[in-house]
Amino acid sequence: ATGLHTIAKSKGKLYFGSATDNPELTDAAYMAILNDNTMFGQITPGNSMKWDATEPSRGSFSWSGADAIANLAKKNGQLLRGHNCVWYSQLPSWVSSGNFNAATLTSIIQTHCSTLVSRYKGQVYSWDVVNEPFNDDGTWRTDVFFNTLGTDYVSIALQAARAADPAAKLYINDYNIEGPSAKSTAMQNLVKSLKQANVPLDGIGLQGHFIVGELPQGLEDNLRAFTALGVEVAITELDIRMTLPATAALLAQQQKDYQTVVAACQAVEGCVGVTIWDFTDKYSWVPQTFSGQGEACPWDQNLQRKPAFQGIVAGFGA
Ligand code: G3I
């Protein structure tokens, strides 16, 4: 059997990858699949590079979780996506408190981004420098960054990241921008204005947290709308959940949906790769967040491949 990363490469993509997380790294059966670099040519830490994990108090950095995943990628010869520098969630209260004026918060963002990005300099293919800046209606999320600095926080973070690792691709990452929507338009407008202002930006990450049978229409055209603005794109957090229990019909629809998403990326030259938000239902974030839903990943709870696996293969045209 040929691995998904090998297939992706043979079809001209840079990688097929998966998120992973530190607690899972002790699961030998899980690791046997994750470590297979013909299956996954790229990994993303699901939690351990976030602000609460890396700078829990001001100026005091902790790297054990993030280093473990970075070292794993190195050992396996897998690309690494950094996730993430600036996000409203999993933000320690010393930042979210709103206790800082614009100048101080600017320096806090600069220190955080440059320390984080420097640590993995030369190893990270791409960084989610800013995560989830928009509300679903396309307005800016009124988090501490926007409330204190307006939209300037985005360029402050991107510039700090560029200075820290000039070779890393710098991304803004969000959900519900995969198909045409107010939020997708807002992101495209942001790309235009950052490019106009010569702010460093290389890519847009489309997360891809979908529901079986409810994919947005027009995925491929929307990917092209981004790449036409001079950025690359990637599907960064793909999973396709369903209301439980899973049935043969739902699993068959899920297979089709995985195929559709991967085929959209395959069809667009500037779509560099696809990352699933962990490969097994055993460690998916979905059931804890959406009560009664789950089975979102291509491998089941017992680490067996589901029909969705074949959907991914078919999506690459293999
Ligand atoms: O860190 C605490 C730990 O101290 C505690 O013992 C444990 C017990 O519940 O909880 C731990 O925190 C959890 C954290 O993951 C780390 O495991 C949180 O409760 C839990 O809510 C958190 O969930 C993560 C979620 O982001 C938080 O927003 C998921 O694992 C992670 O997969 C998910 O990933 C996000 C992306 O970063 C951005 N896009 C959406 C995606 C899915 O929500």
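None of these values were measured; they are calculated from a predicted model.

Reading the values: the criteria
- Within each chain, residues carry numbers counting from 1 in the order of the written sequence.
- The predicted origin of the model limits local features to residues at a pLDDT of at least 70 and limits the giving and counting of side-chain atom pairs to 80 or more, whereas totals for whole chains, interfaces and linings rest on all residues.
- Think of the side-chain values as coming from all heavy atoms in the structure, minus any hydrogens and water.
- Criterion for a disulfide: a pair of cysteine sulfur atoms at a distance within 2.5 Å.
- Partly exposed residues are those whose accessible area sits between 20% and 50% of the maximum for their type, while under 20% is buried and over 50% is exposed, using a 1.4 Å probe and protein chains only.
- Helix and strand labels come from DSSP, where a helix needs a run of H or I of at least four residues and a strand needs a run of E of at least two; each type is numbered from the N terminus.
- Note that the arc is computed from the directions linking the helix axis to the C-beta atoms.
- Contacts are residue-level and defined by heavy atoms, with any inter-residue pair within 4.5 Å sufficient.
- It suffices for a single heavy atom of a residue to lie within 4 Å of a molecule or strand for the residue to be listed as near it.
- Definition of a polar contact: a pair of N or O atoms within 3.5 Å, with one able to donate and the other able to accept a hydrogen when the atoms are protein atoms, and with sequence-neighbouring residues admitted only if both atoms are side-chain atoms.
- In short, Shrake-Rupley with a 1.4 Å probe defines the accessible areas, and a residue's cover is counted only from the protein chains shown.
- Three residue categories are used. Nonpolar comprises Ala, Val, Leu, Ile, Met, Phe, Trp, Tyr, Cys and Pro, charged comprises Asp, Glu, Lys and Arg, and polar comprises the others, including Gly.
- Here a strand pair is declared whenever DSSP counts at least two bridges between the two strands.
- Lines are fitted to the C-alpha atoms to define the axes, a helix being fitted only along its stretch in contact, and any angle between axes, read from their N-to-C directions, falls within 0 to 180 degrees.
- Crossing handedness follows the turn of the near helix against the far one: under a right angle anticlockwise gives a left-handed crossing, and clockwise gives a right-handed one.
- The distinction between a cavity and a pocket rests on a 1 Å grid over the protein atoms alone: a 1.4 Å probe fits inside a cavity but cannot get out, while a pocket stays open yet meets protein on both sides within 12 Å along at least five of seven lines, and a residue with an atom within 4 Å of a point counts as lining.
- Grid points are joined across faces, edges and corners, and a volume is the space filled by probe spheres set on the points.
- Every case where a carboxyl oxygen of Asp or Glu lies within 4 Å of a side-chain nitrogen of Lys or Arg is listed as a salt bridge.
- Here, nonpolar core means buried Ala, Val, Leu, Ile, Met, Phe, Trp, Tyr and Cys residues that are tied together by side-chain atoms lying within 4.5 Å of each other.

Participant: Before we move on, can you summarise the state of the cysteines with the specific residues and values?
Facilitator: Taken as a whole and assessed by the stated rule, the structure comprises one disulfide. Between the sulfur atoms of cysteine 265 and its disulfide mate cysteine 271 the distance is 2.1 Å. The disulfide joining cysteine 265 to cysteine 271 has a torsion of about -100° about its S-S bond and is therefore left-handed. Just as cysteine 265 is buried, cysteine 271 falls in that class too. Counting only cysteine sulfurs, cysteine 85 is the nearest neighbor of cysteine 113, a cysteine outside any disulfide, at a range of 4.3 Å.

Participant: Break down helix α10 (residues 219-227) for me, citing the residues and quoting the values.
Facilitator: All of the buried residues along α10 are Leu219, Asn222, Leu223 and Phe226. Viewed along the axis of α10, the buried residues span an arc of 105°, placing them on a single side of the element. Tucked inside the fold, the buried residues of α10 contact α9 (182-196), β6 (203-206), β7 (209-211), β8 (232-243), α11 (248-267) and β9 (271-276).

Participant: I'd love a proper account of the site of the ligand, names of residues and values included.
Facilitator: Taken together, 14 residues lie around the ligand, and Asn47, Lys50, His83, Glu237 and Trp277 are the ones closest in. Within the side chain of asparagine 47, an N or O atom sits 2.8 Å from an oxygen atom of the ligand. Take glutamate 132: an N or O atom from its side chain is 2.9 Å from a nitrogen atom of the ligand. Protein chains shield 45% of the accessible area of the ligand, which is 790 Å² for the free molecule. For the shell around the ligand, the per-class residue count stands at three nonpolar, eight polar and three charged.

Participant: Can you explain the pairing of strand β4 (residues 124-131)? Please cite residues and give values.
Facilitator: The buried fraction of β4 amounts to eight of the eight residues, a majority that puts the element mostly inside the structure. Sheet topology note: the strand β3 (residues 79-86)/β4 ladder contains five bridges and is parallel. By the bridge assignment, arginine 81 is partnered in β4 with serine 126. Note: β4 against strand β5 (residues 169-174), five bridges, orientation parallel. What sits directly across from tryptophan 127, in β5, is leucine 170.

Participant: Help me get a handle on the packing of α10 against α11, residues and values and all.
Facilitator: Here α10 crosses α11 at 35°, and the two axes come no closer than 9 Å. As for the relative orientation of α10 and α11, their crossing is right-handed in sense. Each of Leu219, Glu220, Leu223 and Arg224 in α10 lies in contact with α11, whose residues at this interface are Thr260, Val261, Ala264, Cys265 and Ala267. Class assignment for the residues of the contact of α10 with α11 results in six nonpolar, one polar and two charged.

Participant: Before we move on, could you go through empty space enclosed by the protein and cite the residues and values that matter?
Facilitator: By the definition in use, this model includes one cavity of 30 Å³ or more. There is about 30 Å³ of room inside the largest cavity. Looking at the largest cavity, the residues that line it are Glu178, Leu206, Leu219, Leu223, Ile235, Val261 and Ala264. Listing elements by their share of the lining of the largest cavity, those giving two or more residues are α10 and α11.

Participant: Describe the environment of alanine 234, naming the residues involved and giving the relevant values.
Facilitator: Within the secondary structure layout, alanine 234 lies in strand β8. With 29 residues separating them along the chain, alanine 234 and glycine 205 place their C-alpha atoms 5.1 Å apart. Those residues in contact with alanine 234 that lie beyond four places of it in its chain are Tyr15, Tyr171, Ile204, Gly205, Leu206, Cys271, Val272 and Gly273.

Participant: Please give an account of the packing of helix α6 (residues 102-119) against helix α8 (residues 152-164) that cites residues and values.
Facilitator: Contact geometry for α6 and α8: axes closest at 8 Å, N-to-C directions at 35°. Considering only the axes of α6 and α8, their crossing is right-handed. Mapping the contact onto sequence places Thr106, Ile109, Gln110, Cys113, Ser114, Val117 and Ser118 in α6 and Tyr153, Ile156, Ala157, Ala160, Ala161 and Ala164 in α8. Taken together, the residues that form the contact of α6 with α8 break down as nine nonpolar, four polar and no charged.

Participant: With reference to specific residues and values, describe the pattern of salt bridges.
Facilitator: Per the counting criterion, the structure on display carries nine salt bridges. One salt bridge connects aspartate 67 with arginine 119, and the closest N-O pair in it is separated by 2.6 Å. Taken together, the positions of aspartate 67 in helix α4 (residues 64-76) and arginine 119 in helix α6 put the pair 52 residues apart, joining distant regions of the chain. Connected through shared salt-bridge partners, Asp136, Asp174 and Lys183 make up one network.

Participant: Pulling in residues and values, what's your account of the nonpolar core?
Facilitator: Ile109, Trp127, Phe145, Ile172 and Ile204 are the most contacted members of the largest nonpolar core, which totals 93 residues. The element best represented in this core is α8, accounting for eight residues. Sequence-distant contacts of isoleucine 172, that is, excluding residues within four places in its chain, are made with Val130, Pro133, Val154, Leu158, Met187, Leu190, Leu194, Leu201, Gly203, Ile204 and Gly205. Judged by nonpolar contacts, the second largest core, of five residues, contains Tyr15, Tyr125, Tyr171 and Ala234.

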